[in-house]
Amino acid sequence: MKPMISVIIPLYKGKKYISQILNMMAQNSRRLKSASMEVVFINDYPEEKIELDTCNCTYSVKIFVNDRNMGIHKSRIRGIELCSGDYILMLDQDDVIADNYLENQYSKMGSSDWIVSSGIYRYEDGSEEDIFMSKKHQLACLDKWCYYMYSNPIASPGQVLLRKKCIPDLWKNTYLRINGSDDYFLWILLVENKARGVINPEKLYVHISTGENTSLNDSSHGFWTQPPEPSFWTVRTSPELQE
């Protein structure tokens, strides 16, 4: 039996994104040969009723409704608890991933516990820029000192495919109130637990700035508002990442 990838997507007033998400997942399903997949929606705005048209889906789609608004962290945890997958991808409702995202990430993950893809920021004015300035910049995702001494180099959980079994219980049992801080916390726990991570230089993920995503690229959430000086990557990263 093939391993399963569960795509966890919390929704908050997100009905308008459903069609786009299902189309995006259908493209991935067609290209996914090494694993099976499912999509798990968590509706965190119960006042909005959502009915899914899944008759043409070639993959499993589930939706669960929170009794009340619980926030992004608890919604992600609930999705993980209710999913059937061996691997987890957590997306925001307005994220965009490449049509071959799942196959590409899974095939390059190997025996690792988590893999971080490259990607781009896309702004409301249509302009774009790379999430990572260099390979060293991307390698900093695997270096705990980057998280402690500077900030979170990962724009969104949508860049990361990880094994379900490596998600720490501490993350699942500690609820953070500020949207965007839960993934920062998760990456710190992974590197502290010495979970084996790898990077994927392919630009498979698009972080869209609409003001309606749940992992905002904002200083209050621990993300960069502007890139650090280039010297940061040679001075503050671990020696093994400078080779």
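Residues numbered from 1 in each chain as written. Predicted model: local features only at pLDDT ≥ 70, side-chain atom pairs only at ≥ 80, totals over all residues. Heavy atoms only, no water.

### Observations regarding the overall build of the protein chain
Then step 1. The secondary structure content of the protein chain amounts to eight helices and nine strands.
Then step 2. When contacts within the protein chain are restricted to residue pairs at least 6 apart in sequence, those whose partners lie at least 24 apart make up 76%.
Then step 3. Within the structure as shown, the protein chain displays about 11,500 Å² of accessible surface, and the carbon and sulfur contribution to it stands at 48%. (Helix = DSSP H or I, 4+ residues; strand = E, 2+ residues; numbered from the N terminus. Contact = heavy atoms within 4.5 Å. Areas by Shrake-Rupley, 256 points an atom, 1.4 Å probe, with all protein chains shown as cover.)

### Structural notes on the packing of aromatic side chains
Then step 1. According to the stated counting rule, one finds six aromatic pairs in the structure shown.
Then step 2. With a centroid separation of 5.9 Å and an interplanar angle of 10°, the aromatic rings of Trp 114 and Trp 187 are classed as stacked. One end of the pair, Trp 114, is in strand E6 (residues 114–122); the other, Trp 187, is in helix H7 (residues 181–192), and 73 residues separate them in sequence.
Then step 3. According to the relative accessible area criterion, Trp 114 is buried, its value standing at 1%. (Phe/Tyr/Trp six-rings, centres within 6.5 Å; stacked < 30°, edge-to-face > 60°. Buried < 20%, exposed > 50% of the residue type's maximum accessible area, 1.4 Å probe, protein only.)

### Some words on helix H2 (residues 72–82)
Then step 1. Of all the positions in H2, only Ile 72, His 73, Ser 75, Arg 76, Ile 77, Gly 79 and Ile 80 are classed as buried.
Then step 2. Buried residues in H2 make contact with strand E1 (4–11), strand E2 (36–43), strand E4 (87–90), helix H6 (169–173) and H7.

### Here's the deal with the confidence of the model for the protein chain
Then step 1. Per-residue confidence for the protein chain gives a mean pLDDT of 87; residues scoring 70 or more make up 86%.
Then step 2. Every residue in residues 214–243 is under pLDDT 50, and counting partners more than four places away or in other chains gives 69 contacts. (pLDDT = per-residue confidence, 0-100.)

### Structural notes on the side chain of Glu 38
Then step 1. Mapped onto the secondary structure, Glu 38 falls in strand E2.
Then step 2. Of note is the side chain of Glu 38, whose polar atom sits 2.6 Å from the side chain of Ser 6.
Then step 3. Beyond its immediate stretch of four places on either side in the chain, Glu 38 contacts Met 4, Ile 5, Ser 6, Val 7, Ser 60, Lys 62, Cys 83, Ser 84 and Gly 85. (Polar contact = N/O pair within 3.5 Å; in protein donor to acceptor, adjacent residues only side chain to side chain.)

### Observations regarding the nonpolar core
Taken as a class, soluble globular proteins show a tendency for nonpolar side chains to be buried jointly.
Then step 1. Within the largest apolar cluster, 62 residues are counted, with the highest numbers of intra-cluster contacts made by Met 25, Phe 41, Trp 114, Tyr 147, Leu 162 and Trp 171.
Then step 2. It is H7 that contributes the most residues to this core, eight residues altogether.
Then step 3. Those residues within four positions of Phe 41 in sequence are excluded, and the remaining contacts are Ile 9, Leu 11, Ile 18, Ile 21, Leu 22, Leu 52, Val 61, Lys 62, Ile 63 and Phe 64. (Core = buried A, V, L, I, M, F, W, Y, C linked by side-chain atoms within 4.5 Å.)

### A look at the environment of Cys 83
Then step 1. Mapped onto the fold, Cys 83 is located in the loop between H2 and E4.
Then step 2. Expressed as a C-alpha distance, the spacing of Cys 83 and Lys 164, which sit 81 residues apart in the sequence, is 9.8 Å.
Then step 3. When neighbours within four sequence positions are excluded, Cys 83 is seen to be in contact with Ser 6, Ile 8, Glu 38, Val 40, Ile 88 and Lys 164.

### Details of unusual backbone geometry
Then step 1. Phi angles above zero are rare outside glycine, and Lys 13 is one such case at about 50°.
Then step 2. In this fold, Lys 13 is placed in the loop between E1 and helix H1 (18–31).
Then step 3. Here Lys 13 falls in the partly exposed class, since its relative accessible area comes to 43%.
Then step 4. Not every positive phi belongs to a glycine, and Lys 194 is a case in point at roughly 60°.
Then step 5. The class of Lys 194 is exposed, set by a relative accessible area of 71%.

### As for the pattern of salt bridges
Then step 1. Counting across every chain of the model gives nine salt bridges.
Then step 2. A salt bridge links Arg 122 to Glu 128, with the nearest nitrogen and oxygen atoms 2.8 Å apart.
Then step 3. The partly exposed category is assigned to Glu 128, whose relative accessible area is 44%.
Then step 4. The partner of Asp 130 in a salt bridge is Lys 203, and the shortest N-O contact between them spans 2.9 Å. Placement of the pair is Asp 130 in strand E7 (residues 128–130) and Lys 203 in strand E9 (residues 197–208), with a sequence separation of 73 residues. (Salt bridge = Lys/Arg side-chain N within 4 Å of Asp/Glu carboxyl O.)

### Quick notes on the environment of Leu 22
Then step 1. One can find Leu 22 in helix H1.
Then step 2. Its relative accessible area of 10% is what places Leu 22 among the buried residues.
Then step 3. Each C-alpha atom, one on Leu 22 and one on Thr 54, is 8.4 Å from the other, the two residues being 32 residues apart in sequence.
Then step 4. Dropping the residues within four chain positions of it, Leu 22 is found in contact with Phe 41, Asp 53, Tyr 59 and Val 61.

### Quick notes on a nonpolar patch on the surface
Then step 1. Judged by side-chain polarity, Trp 145, Tyr 148, Met 149 and Tyr 150 come together as a nonpolar surface patch covering roughly 430 Å² of accessible area.
Then step 2. In this fold, Tyr 150 is placed in the loop between helix H5 (144–149) and strand E8 (160–163). (Patch = residues over 30% accessible without salt bridge, like charges linked within 9 Å, V, L, I, M, F, W, Y side chains within 5 Å.)

### Notes on the pairing of E8
Look at any regular strand and the pattern is simple: side chains alternate between the two faces of the sheet.
Then step 1. Neither face of E8 is open: one carries Val 160 and Leu 162, the other Leu 161 and Arg 163, and all of them are buried.
Then step 2. Sheet topology note: the E4/E8 ladder contains three bridges and is antiparallel. Within E8, the position partnered with Tyr 87 by the bridge is Arg 163.
Then step 3. For E6 and E8, the ladder comprises three bridges, and the chain directions are antiparallel. (Pairing = 2+ DSSP bridges.)

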